[in-house]
Amino acid sequence: MPELITIEELMAMGLPPIIIYAAPVMFALVFIEWGISAWLKWDLYDRKDFWASTAIGIGNVIVSSLTKVSIFGLVLFFYNMVPWRVPHTWWSYVLCFFVLDFCRYWAHRIAHEQRIWWATHVPHHSSEQYNFSVSFRLSWVQGFKVIFFLPVALAGFHPVVFFICHQIAVLYQFWIHTELIDKLPRPIEFFFTTPSHHRVHHAKDDHYLDKNYGSTFIIWDRMFGTFQPELNTPNYGITKPPDSYNPIYLVFHEFIAIWRDLKKAQGWREWLFILFASPAEQARVEKEKQVEVEAEMKTAASSAPLEE
């Protein structure tokens with residue numbers, strides 16, 4: 001049986017906070033992009049939207065720091081469960097990154113296809129702008145999605161390898177949130193997720209909805225039928241805009257909407273539908289009900305006796 005690692009030993013290893021180290025560069029690039037946008041009059045930034053994104057990002061950093069130990073402990077628990085280990089060598093980082101990215105694809109896809117998980121992800125899509133600052137919009141409750149990454153721990157990758165690869169994967173997301181970078185050479189566009197691919201993902205146009213879930217590699221979308229190339233300039237945001245710049249509301253508005261729908265639900269089947277059906281499917285059903293109600297109202301009005 002491999003030697004077990006304790007949470008104290010893991011914390012004592014001093015995992016490098018790569019994202020914190022990269023933060024000054026990220027903010028510098030935000031202001032460079034903002035300056036280019038103002039100079040060229042491209043209107044890529046809205047002041048209120050920018051500060052909302054920044055506030056959500058700061059909140060996410062605070063929450064992540066408070067929950068770090070519990071997340072470390074959960075990953076460590078599953079790592080210690082299995083009797084096998086992937087050797088802690090240079091190639092284990094490469095292999096882990098691919099396995100992690102595969103898990104991130106499915107976590108991201110499920111977050112769009114099941115409403116309760118969509119509620120943990122929707123703040124990232126609520127902006128109608130598309131710029132570097134949008135990458136800061138990470139929900140304060142997205143830590144629950146760690147359950148989708150437990151297969152990486154169960155595969156036997158060392159927790160240090162897991163957390164370093166995870167930070168790099170999160171950091172990769174920053175640079176693809178921009179309109180300043182057009183399509184890249186075809187080999188890159190074929191294999192990696194690029195700004196062009198991710199612009200499609202953030203669009204609310206019908207032909208772009210629920211496409212391009214890939215985190216670092218777009219190959220998963222090509223393999224599983226969710227790939228969509230950028231054909232025209234996207235319209236960004238979500239189909240039901242929150243119409244608010246309040247960071248607290250932006251983080252929790254979908255949970256509020258789910259709770260309101262649950263209170264009106266009749267029976268456990270409707271509860272399950274509200275929680276786990278896709279937002280798109282729920283919108284379709286809601287539209288059908290609305291059409292039926294309007295048809296019934298027209299029928300009632302046409303059959304009502306005329307007053308003499």
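What counts, and where the lines are drawn
- Residues numbered from 1 in each chain as written.
- Predicted model: local features only at pLDDT ≥ 70, side-chain atom pairs only at ≥ 80, totals over all residues.
- Heavy atoms only, no water.
- UniProt positions renumbered as here; feature names shortened; annotations may be inferred.
- Helix = DSSP H or I, 4+ residues; strand = E, 2+ residues; numbered from the N terminus.
- Buried < 20%, exposed > 50% of the residue type's maximum accessible area, 1.4 Å probe, protein only.
- 1 Å grid on protein atoms, 1.4 Å probe; cavity = no way out; pocket = protein on both sides within 12 Å on 5 of 7 lines; lining within 4 Å.
- Points joined across faces, edges and corners; volume = space filled by probe spheres on them.
- Nonpolar A, V, L, I, M, F, W, Y, C, P; charged D, E, K, R; others polar.
- Patch = residues over 30% accessible without salt bridge, like charges linked within 9 Å, V, L, I, M, F, W, Y side chains within 5 Å.
- Areas by Shrake-Rupley, 256 points an atom, 1.4 Å probe, with all protein chains shown as cover.
- Salt bridge = Lys/Arg side-chain N within 4 Å of Asp/Glu carboxyl O.
- Axes fitted to C-alpha atoms, helices over the stretch in contact; angles between N-to-C directions.
- Parallel < 35°, antiparallel > 145°, perpendicular 65-115°, else oblique.
- Contact = heavy atoms within 4.5 Å.
- Left-handed = near helix turned anticlockwise from the far one by under 90°.

Participant: What exactly am I supposed to notice about the UniProt feature "domain: Fatty acid hydroxylase" (unreviewed entry) in the protein chain here?
Facilitator: On the UniProt side, "domain: Fatty acid hydroxylase" (unreviewed entry) is annotated at positions that read residues 94–226 here. Here residues 94–226 is 49% helix and 0% strand, with 25 Å between the C-alpha atoms at its ends.

Participant: Would you mind going over the UniProt feature "transmembrane region" (unreviewed entry) in the protein chain with me for this structure?
Facilitator: Mapped onto this numbering, the UniProt entry annotates "transmembrane region" (unreviewed entry) at residues 18–40, 52–78, 90–107 and 146–175. Taken end to end, residues 18–40 is 100% helix and 0% strand, and its two terminal C-alpha atoms sit 33 Å from one another. Annotation note: span residues 90–107, helix share 100%, strand share 0%, distance between end C-alpha atoms 26 Å.

Participant: Got a minute to help me understand unusual backbone geometry in this structure?
Facilitator: Negative phi values dominate among residues other than glycine, just as trans dominates among peptide bonds. For Lys41, which is not glycine, the phi dihedral falls at a positive 55°. In this fold, Lys41 is placed in the loop between α2 (18–40) and α3 (47–81). Judged by relative accessible area, which is 73%, Lys41 ranks as exposed. Residues other than glycine seldom take positive phi values, yet Asp210 does so here, at roughly 55°. When you line up the elements, Asp210 lands in the loop between α9 (195–201) and α10 (219–224).

Participant: Looking at this model, I keep getting lost on the environment of Trp106. Mind explaining?
Facilitator: Examined against the element boundaries, Trp106 turns out to sit in helix α4 (residues 90–113). Overall, Trp106 belongs to the partly exposed group, its relative accessible area being 29%. Sequence-wise, Trp106 and Phe148 are 42 residues apart; in three dimensions their C-alpha atoms are separated by 7.8 Å.

Participant: I keep staring at the layout of surface pockets and nothing clicks. Help me out?
Facilitator: Taking a probe equal in size to a water molecule and rolling it over the atoms shows the remaining empty space. Each pocket or cavity is described by its volume, and for the second largest pocket that value is around 1,100 Å³. Contributing to the lining of the second largest pocket are 35 residues, with Lys240, Pro279, Gln282, Ala283 and Glu286 lying nearest its centre. Elements with a contribution of two residues or more to the lining of the second largest pocket: α5 (115–118), α11 (247–264), α12 (268–276) and α13 (279–303). Among the residues making up the lining of the second largest pocket, the classes are represented as 16 nonpolar, 8 polar and 11 charged.

Participant: How should a nonpolar patch on the surface be read in this particular structure?
Facilitator: A surface patch of nonpolar side chains, about 530 Å² in accessible area, is lined by Trp90, Trp91, Val94, Leu95 and Phe98. Within the element layout of this structure, Trp91 appears in helix α4. Accessibility expressed as a relative area gives 37% for Trp91, which makes it partly exposed.

Participant: What am I meant to see in the packing of α3 against α11 here?
Facilitator: Between two packed helices, both the angle of their axes relative to each other and the distance between the axes serve to describe the pair. Running from amino to carboxyl end, α3 crosses α11 at an angle of 70°, the nearest separation of the two axes being 8 Å. Classified by the interaxial angle, the pair formed by α3 and α11 is roughly perpendicular. Listed contacts from α11 to Ala52, Ala55 and Ile56 of α3 are Pro247, Leu250 and Val251. Residue classes in the contact of α3 with α11 are distributed as 6 nonpolar, no polar and no charged.

Participant: Explain the pattern of salt bridges here, please?
Facilitator: When charged atoms on two side chains of opposite charge get close, those side chains can pair. Enumeration according to the criterion identifies 9 salt bridges in this entry. Salt-bridge contacts for Glu113 lead to Arg109; the nearest nitrogen and oxygen are separated by 2.9 Å. Of this pair, Glu113 and Arg109 both sit in helix α4, 4 residues apart, which is roughly one turn of the helix. The partly exposed category is assigned to Glu113, whose relative accessible area is 33%. A cluster of three or more residues bridged by salt bridges with shared partners is formed by Arg115, Glu254, Asp261 and Lys264.

Participant: Sorry if this is basic, but what is going on with the packing of α11 against α12 here?
Facilitator: Close contact between α11 and α12 brings their axes to 9 Å; oriented N to C, the two are set at 165°. In terms of orientation, α11 lies roughly antiparallel with respect to α12. The two elements α11 and α12 cross, and the hand of that crossing is right-handed. Every residue of α12 that contacts α11 at Ile258, Asp261, Leu262 and Lys264 is listed here: Glu270, Trp271, Ile274 and Leu275. By residue class, the composition of the contact of α11 with α12 is 5 nonpolar, no polar and 3 charged.

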